[in-house]
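An overview of the molecular structure
So the chains spell out like this:
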Amino acid sequence: MQYRQVSVFAGKGTGADRFAETLYGIGIDAADLIYAVGDSEVKVFDTQGRLQQRWATEKPGYCVSISADRTVYVGEIGQVELFDAGGRRKTAWTDPERLGFVTSIGFFGDNVFIADAKDRCIRRYNKSGEWINNIGKDNRTKGFLIPNGYLDFAVDKEGVLHVANPAKHRIERYTMNDELLGYFGRFGTRQPEDFPGCCNPTNLTLTRQGDVVVTEKAAPRLKFYDRSGKFLTFVGPELFDPNCKNMDIAVDSQGRVYVLDTIRLNIHVFACEGGAD
Amino acid sequence: MNEEPTRRDVLGYGARGAGLLVLGSTAFYLTKKAHAKGVWVIDPAKCINIRLGTTGIDQFCDKCATTCVIPLSAVRAVNDFSKCGRCCICPAYFDVASDIGRDGLPVRKLCPRDAITREAIGDVDPDDPLNNFYEYTIDKTKCNGCGKCVMACKEPAGLGSIRLEIRYDLCTDCNRCAISTACPEDALARITRDLAPGGKAVESSH
Ligand code: SF4
Ligand code: SF4
Ligand code: SF4
């Protein structure tokens, strides 16, 4: 299996389809519209990188996810803002005790999972914004080990959460009731399947068939594993700015992988050689 | 928490003093022994071990350790605990390019002088030592400011919590500073008290 870069869009700049200062989060809806947050804005692109719409957020957004009913959830410091697909603000969930710094959001059925990087755990809410339970908090280190200050996860089709636990150099799997099901990954600098540095991988998503896609910092790489943790392939680091970190990832319905370069403020698009996954 | 909280007084230089004032984000620290006329400081925007953008342990510069006239040098590395990630595998402590032992940790340390200690914070999980935070402390009696750990801890590989400081209790202020002459990056700068706000240096206690 090989992935190759098929396009790059956005980038640093002052144009409407560019980001002036920051680019933190990316999400893709069921219609393959690409939502990116940075500069206290949501920008929506089509798969060709053409800007479709943009709107301001109340605070800088650090992650964005779109639910099946096309509500756009933007994670911020202290809150999650909810918009309809046209960018009209529906509401904001403010829960200062539990939503300190929101860096990832995922869905399963009526559940909304929100990563609070401040408290280093994942919160489980219902669609009405009522908190249900925490995931990854009740352990010896009182949360995931995230020296970079970002916590990222993805939810699979069975409702299992796959979480990047970077200082452990692992990807851990949890039930939504906070049971650790297992993990894979280990520290190492020589084999591409291992995770180097103090804390990798930093970001994570899943393909439709359940492969695990992660990014690493220093050096920036995009890596692919199957659901059992078997290493498949990687791309980078030469395509990204070497000082990139916390590079958010999303996958569209065709299996194309979208990766943020958080320094050059680019969105890189990769496709699997031989077609969709 | 900082390793040495009493030293955390930051010199907030204003726009005066031309190039010296474009000194990057890292703060400077003076001490009670700072000389009235001025002191030598390391410009974090210039020092190759500190400045962002240059990465790779093979690039580190040890001129601060090898050219200072003081035995063991007047330069030391300091770990700012308020920034440190307390990682299990700290690339400033371990030589991450070395072999991996049975415990899953690199077998060699990075510091050539074994000046960094690693201590688990709280209870160690006997079944999973990765399940812990670790504190990294630099022994000033051993460190010679070679800068290797500073380069390794730099963003994005680390969090940039380790920096190099000139210790003014050690520096004899020899006025021509041998390091400033040898520094390939012209990163040594002499600042005077006049540059400090209100003409007064902010002092802390080494
Ligand atoms: S690399 Fe720096 S920030 Fe990370 S654990 Fe080591 S000393 Fe701390
Ligand atoms: S500066 Fe050099 S001698 Fe000092 S702790 Fe770091 S690696 Fe060791
Ligand atoms: S000699 Fe200059 S570049 Fe080298 S470590 Fe010292 S200040 Fe940094």
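Residues numbered from 1 in each chain as written. Chains lettered and ligands numbered in written order. Predicted model: local features only at pLDDT ≥ 70, side-chain atom pairs only at ≥ 80, totals over all residues. Heavy atoms only, no water.

Within chain B one finds 3 helices and 8 strands. The secondary structure elements of chain B, listed N-terminal to C-terminal, are β-β-α-β-β-β-α-β-α-β-β. Expressed as a percentage of its 206 residues, the buried residues of chain B come to 51%. Total accessible area on chain B is roughly 9,600 Å²; 52% of this is exposed by carbon and sulfur atoms. (Helix = DSSP H or I, 4+ residues; strand = E, 2+ residues; numbered from the N terminus. Buried < 20%, exposed > 50% of the residue type's maximum accessible area, 1.4 Å probe, protein only. Areas by Shrake-Rupley, 256 points an atom, 1.4 Å probe, with all protein chains shown as cover.)

So, about the state of the cysteines. Residues and elements named next belong to chain A. In total, this model carries 1 disulfide over all chains according to the counting rule given. The disulfide that involves Cys198 links it to Cys199, with 2.2 Å between the sulfurs. Judged by its relative accessible area of 0%, Cys199 falls in the buried class. (Disulfide = S-S within 2.5 Å.)

Time to look at the packing of aromatic side chains. All names here are of chain A. All told, the structure shown has 17 aromatic pairs over all chains when counted by the stated rule. Pairing Tyr73 with Trp93 gives two aromatic rings, centres 5.7 Å apart and planes at 85°, and the pair type is edge-to-face. You can see Tyr73 sitting in strand E7 (residues 72-75) and its partner Trp93 sitting in strand E9 (residues 89-94), a full 20 residues away along the chain. Exposure class is identical for Tyr73 and Trp93. Each is buried. What links up through ring pairs into an aromatic cluster is the set Tyr24, Tyr62, Phe101 and Tyr150. Positioned above the aromatic ring of Trp131 is the side chain of Arg98, whose terminal nitrogen or guanidinium carbon lies 3.8 Å from the ring centre. (Phe/Tyr/Trp six-rings, centres within 6.5 Å; stacked < 30°, edge-to-face > 60°. Lys NZ or Arg CZ within 6 Å of the ring centre and 35° of its normal.)

Let's shift gears to the sheet that holds E7 of chain A. All names here are of chain A. Read from one edge to the other, the open sheet built from 4 strands follows the order E6-E7-E8-E9, with strand pairing classed as antiparallel. For this open sheet the edge positions go to strand E6 (63-66) and E9, each flanked by a neighbour on one side alone. Strand-to-strand twist of the sheet, defined as the mean angle between neighbouring strand axes without regard to direction, takes the value 20°. Of the strand pairs in this sheet, E6 and E7 are connected by 4 bridges, and their pairing is antiparallel. Pairing of Cys63 across the sheet is with Gly75, part of E7. (Pairing = 2+ DSSP bridges. Axes fitted to C-alpha atoms, helices over the stretch in contact; angles between N-to-C directions.)

On to the site of ligand 1. Taken together, the residues surrounding ligand 1 are Asn79, Cys84, Gly85, Arg86, Cys87, Cys90, Pro91, Cys153, Gly158, Leu159, Ser161 and Ile162 of chain B. Split by residue class, the shell around ligand 1 holds 7 nonpolar, 4 polar and 1 charged. (Near = heavy atom within 4 Å. Nonpolar A, V, L, I, M, F, W, Y, C, P; charged D, E, K, R; others polar.)

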